[in-house]
Every structure is written in structure tokens, then in C-alpha cells.
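If you want the building blocks of each chain, they are given just below.
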Amino acid sequence: MSTATLSPSDRLATLPDGLPELTLGWEAVKWAGKYLRHPNGPRVGERWKFVPSQVRFLLWFYAVDEQGRWLFNRAVRRLAKGAGKSPNAGAMALIEFCGPVRLKDFDPKRPGGCVGKPVDMPLVQIVATAESQTANTMRMVRAMCAKGSRLSMDYHIDVGKTQFYRLPEGTLETITSSARAAEGAEATFLVADETEHWSVSNGGRDLMETVEDNLIKSGSRLIETANAWVPGSGSEAERTYDAWVAQEEGRTKGEQRILYDARIAPPDTDLGDEASLLSALDWVYDDCFWVPKWEIAQKILDGRTTADNARRKYLNMPTAVANAWVTQQDWATLADPSEVVADGDAVVLFFDGSKSRDATALSGCRISDGYSFEIKVWEPDLEVDGWTVPADDVDAHVAQAMDRFDVWAFFADVREWESFVKLSWPEKYGDQLRVWAQKGGQDPQVIAWDMRSRSYLFTRAVELVEQEIYDKTFRHDGAAITARHVANARRKLNQYGTSIGKETKDSPLKIDAAVTMIGARMVRNLVLASSEWKSGSTPERTNEAAFF
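All values derive from a computational prediction rather than experimental measurement.

> Lay out the packing of aromatic side chains with the relevant residues and their values.
Tallied over the entire structure, the rule returns 26 aromatic pairs. Taking 6.5 Å as the distance between ring centres and 20° as the angle between the ring planes, the aromatic pair formed by Trp417 and Trp425 counts as stacked. There is no split in this pair, since Trp417 and Trp425 are both buried. Ring centres of Phe420 and Trp425 lie 5.3 Å apart, and the angle between their planes is 50°; on these two criteria the pair is classed as tilted. The exposure classification of Phe420 matches that of Trp425, with both residues buried. The ring of Trp283 carries Arg263 above its face, with NZ or CZ at 3.7 Å from the centroid.

> Quick one: what's the story with the sheet that holds strand S5 (residues 157–159), residue by residue and with numbers?
The sheet built from eight strands is open, its strands ordered S5-S6-S7-S4-S8-S9-S1-S10 with mixed pairing. If you trace the sheet from one side to the other, it starts and ends with S5 and strand S10 (258–262), each paired once. Each neighbouring strand pair of the sheet contributes to a mean axis angle of 15°, computed without reference to strand direction. Here strand S4 (residues 123–128) pairs with strand S7 (residues 170–176) via six bridges, running parallel. Considered in S7, the bridge of Val127 is made with Ile175.

> Describe the nonpolar core, with residues and values.
Where a protein is soluble and globular, its nonpolar side chains tend to be buried together. Counting 50 residues, the largest nonpolar core has Trp31, Leu94, Leu151 and Leu172 as the members making the most contacts within it. Those elements giving two or more residues to this core turn out to be helix H1 (25–35), helix H2 (52–61), helix H3 (85–98), S4, helix H4 (131–144), S5 and strand S8 (189–192). Top element by residues in this core is H3. It accounts for eight residues. The residues contacting Leu94, other than those within four sequence positions of it, are Trp31, Leu36, Gly99, Val141, Met144, Cys145, Leu151 and Leu172. With 37 residues, the next largest nonpolar core counts Cys365, Phe411, Val465 and Phe474 among its residues.

About the cut-offs
Residue indices begin from 1 for each chain and proceed along its sequence in written order. The predicted origin of the model limits local features to residues at a pLDDT of at least 70 and limits the giving and counting of side-chain atom pairs to 80 or more, whereas totals for whole chains, interfaces and linings rest on all residues. Water and hydrogen atoms play no part in the side-chain values, which are based on all heavy atoms of the structure. Here a Phe, Tyr or Trp ring, Trp counted by its six-membered ring, pairs with any other such ring whose centre lies within 6.5 Å, and the pair is stacked when the planes are under 30 degrees apart, edge-to-face when over 60, and tilted otherwise. Categorising residues by exposure relies on relative accessible area from a 1.4 Å probe, with only protein chains included: less than 20% of the type maximum marks a residue as buried, more than 50% marks it as exposed, and the intermediate range marks it as partly exposed. For a ring to carry a charge above it, either NZ of a lysine or CZ of an arginine must fall within 6 Å of the ring centroid while also lying within 35 degrees of the normal to the ring plane. In this analysis, strands are considered paired if DSSP registers two or more bridges between them. Comment: elements are numbered from the N terminus, with helices defined as DSSP H or I runs of at least four residues and strands as E runs of at least two. Lines are fitted to the C-alpha atoms to define the axes, a helix being fitted only along its stretch in contact, and any angle between axes, read from their N-to-C directions, falls within 0 to 180 degrees. Joining through side-chain atoms within 4.5 Å is the link that ties buried Ala, Val, Leu, Ile, Met, Phe, Trp, Tyr and Cys residues into a set, and such a set is a nonpolar core. By the convention used here, residues are in contact when the closest approach between their heavy atoms is within 4.5 Å.

Any link to function would need more than the numbers given here.
Next up, the structure:
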């Protein structure tokens, strides 16, 4: 029950560490240096040269295992505005059209250990929901493969405005808008351009599903280019990001994986402080030497761009939806995964259980400093018919926490777990717990804290924790699932104030770990207000009203 690793949604750089052992990426780099030239910018007219961050991406994109299978079946380059997504995508389209980027043989003497060959009958498609979205990438393709260029001459390419042909049966083309037009094409490589603009309303969802079906049929691959999206807009960029997060959290079962390339500004970047802003821009743009970072900083500082646009376009941060409880960035600034909750530490626990549809979560909070940590979250397995929460595993994790820590209080919602909450757990652990969930009255309870009858108390707790997050008064373990559930939580007004809930009742986006995090912090405050904590003894049980 060690503290969890930093959530993938909190990573500021997302490519895998190090370099792959086997890759065709060096073949792509060498071919591009021979045949492509920079069409514009500081290196205009010079031989094409990828910057180190682009090389690293290529090495991972073309990485293979010992059987020659791709390590990644699709990729995303989500970079800040001006970071060179379109020129890089154009270069990759031409590499896939003509370059030696399919495995011919292994050779340990070659860089990357692989020998490449050209793609047989290449069909390279640059796809978007509108022609304007493909324009930048296709413009780069035409500039790099102009009529009379070495590339067009050596490969006998018939250059057009939106279609290129080369013998035998090679095509590079753009496709826009219509999913029906894309259906059935046996593409060998796809560039899905500007997927932050692909949505259900403009046909983007249907188009993506169509090209994905085509790729599965042909065994080929896809790269998405995107800027940060507007959360909640239903974009394909957000949908792919969610799939990558699920992959990194271990919630996916297939062997095919997404390679995700993003550099995101630190969440504590101050848009009103020039030094903080320039430091963030240096990080986000990394080795993009052509980007005028000082000028971008001045544009943000003098108010010529809104804060939301600045974060999305230049800091590569998806901004929060209007009714988000707290932002992902505000939560991420509190993460300290290096902290250890030691055996014997005085803590409190909070549990929120479901049987099947919702998640079940157990969270803790250290009493001395308020350090919050995730113990375990059980999320529904949608691929298993009739899946239910493994009650034995839940019981085991509760037992482990009770044995490992000095647990002063353990509150648990009652619904669907009444036999554990009111009978089994109180019988096992009642003597350990100094502060009860319900003192006195007709139905005193050691652990049972029925949230259905405590809307006022929980609403107060939500408001207090929200203020604590903005004031940065505590730290947490950066646990991946809790971070995602916090980001999923939406502000919900009730007669007592602002609580939290899901976007809609049937939303698949869970918030249960956010609920237990809030609950654990609430219980900690109850304990701190108790006479038991102040005296260090175990006298009369504490009333929950002491905190509120």
C-alpha cells in the first residue's frame, strides 16, 4: 500500500523514457536528410534536419519488438501552437510514401538494429473534417516534394494539389469531411490533422471510427496532430487522450498501444509573472528554436490573448470545463508522490462503495499534516459481463489498512455495503477506532456514515476542501485514479451550497475517489476537533457536529 506514482494526466512530458532498442526510426531520419529540404523558417533551403525531440518521437514511433511487430499502433503529437506539428507531419507523410520504414531484416550493426524497405503500394492519407485543417500539412508536403525536386525525380512522383502518385500504385492524398468517402480505403498510413476540432457535430467521430476500421483491416497506423482541446467539447483529441490515460493506468487489456507526445507547462505557471511564463514557454517549446517565446510571453502579459487561450494554445493545457469543481492543474500542484505514509502513522479512512455500476474507493488522510492518499479504487470492468466489485479484495484492503496504520476514525457510506459497514467492520475494528461516525441517538454507529442523510455536512466538506486546494494547504500522493476522478467532478448546487457530482447521472466518468478524498479530509478535521485527539486518550465518542 505504498503511495501511488504520479498520475499520467499530471505528467509534463509524456514520451517514454530512454530510447528503444529496435527501431526503424534511424532509417526515417537518414532518408529525410537525403531527400527533404526545409521549405521555410530559419533553415529554409537546407537539408531536412529533425530536432532532437522529433528524432526521439520517430525512434519510438518506428520501434519494433523482437518479432518485428510495432510497439505502438497509433501516435499523437499534441504540441503548443507553432511547435512544428504540420512540417513534421508533412515529412512523415512523405517518409511513409517513399522511405524505407517497413522491416526488411534485423542487423545489430545498423543504428536501431533494423534494416528498412519502402512500403508496398503506399496509400498515405491526410484526413480532417474540413479542408482548412489539412491545408497546412499538405502545403508542407507540396513544398518538400515540388516538381523537379530530387524526391519527385528519383521516385517519379506525379505532383498535384491534393494528390500525389508514384509507380507502382502509390498515392498520397487528402480526405475531408465525409466518412463515407474514406470507408474501405486500405490506407498504409494516416495523418489525422487537428483532431481537437473533430467532434460528433461535424462528423469527426464517424470519420475517426471509419479510418480506425480501415487501419485495423490493413494493419497500418495513424498519427494525430492536435493542440490542447476545450474540455467537454467531445473532441477526438480528448477522446484519444482519455484512452492514453487509461492505457497508462493499466485499465486497457489489448497489446496495441498509443504513443503520446506532449509537453505541458507546469500547473503552477503564473500568467502574470514574466519569469514564470518564460520558464514555462522554455519547457513547452523545448528545442523549437524557431518559436519567438519572448514575443508570445508579451502577448500573454499585455492581455492580447485570454487566459484560457494562452493555456490551451501556448502552454498546451486543456482548460477546465465551466462547471469543473477544481482544475486539473490546481490539483496537480499539490502532488508529492515522494512522501511516504509510514507504518503506524495516525490516519483516518473514508470508504464509498458500489456493487457494479460505479467505482468503489478507499482513501486515507494523515492526521498530523493532512497528507491525502489513495489506498485502492475498484472501477467497473466494462469488458466483463455482470462484473461486480470483488468484496473479498475490498475487505482485505480494509484489513491491511487497519493493521498497518493507527486508524483513529473510519467512516463509510452505507448504501450497498450495509453488512460490512454496520456489522462486519465494526465488529472487527470498533475497539481500535477512537472517533465514531455517529455518537449517541437511537442508532449509534462506529463506521456507518450514510451520505443520503448528510447532504449538508458533505456539502460543507466539499466547499472547505475546495478552498484548501486553492490555498494549497495540503499535499497528496498524486494517485492516477484519484486525479482523474477529481478532474471528472462537476459543481452541483443544492439547498446547502456547492457539492460535487458527475456530469450527468449516467456519465461513465467516475468521481468516487474524489468523494472519498473529500470524506477523508472531513474526518480528519473531525478528529482534530475531538477531545480524544487533544487529550491523546480514548474517552467518550466524538460528535460529528464538533467540526461543523
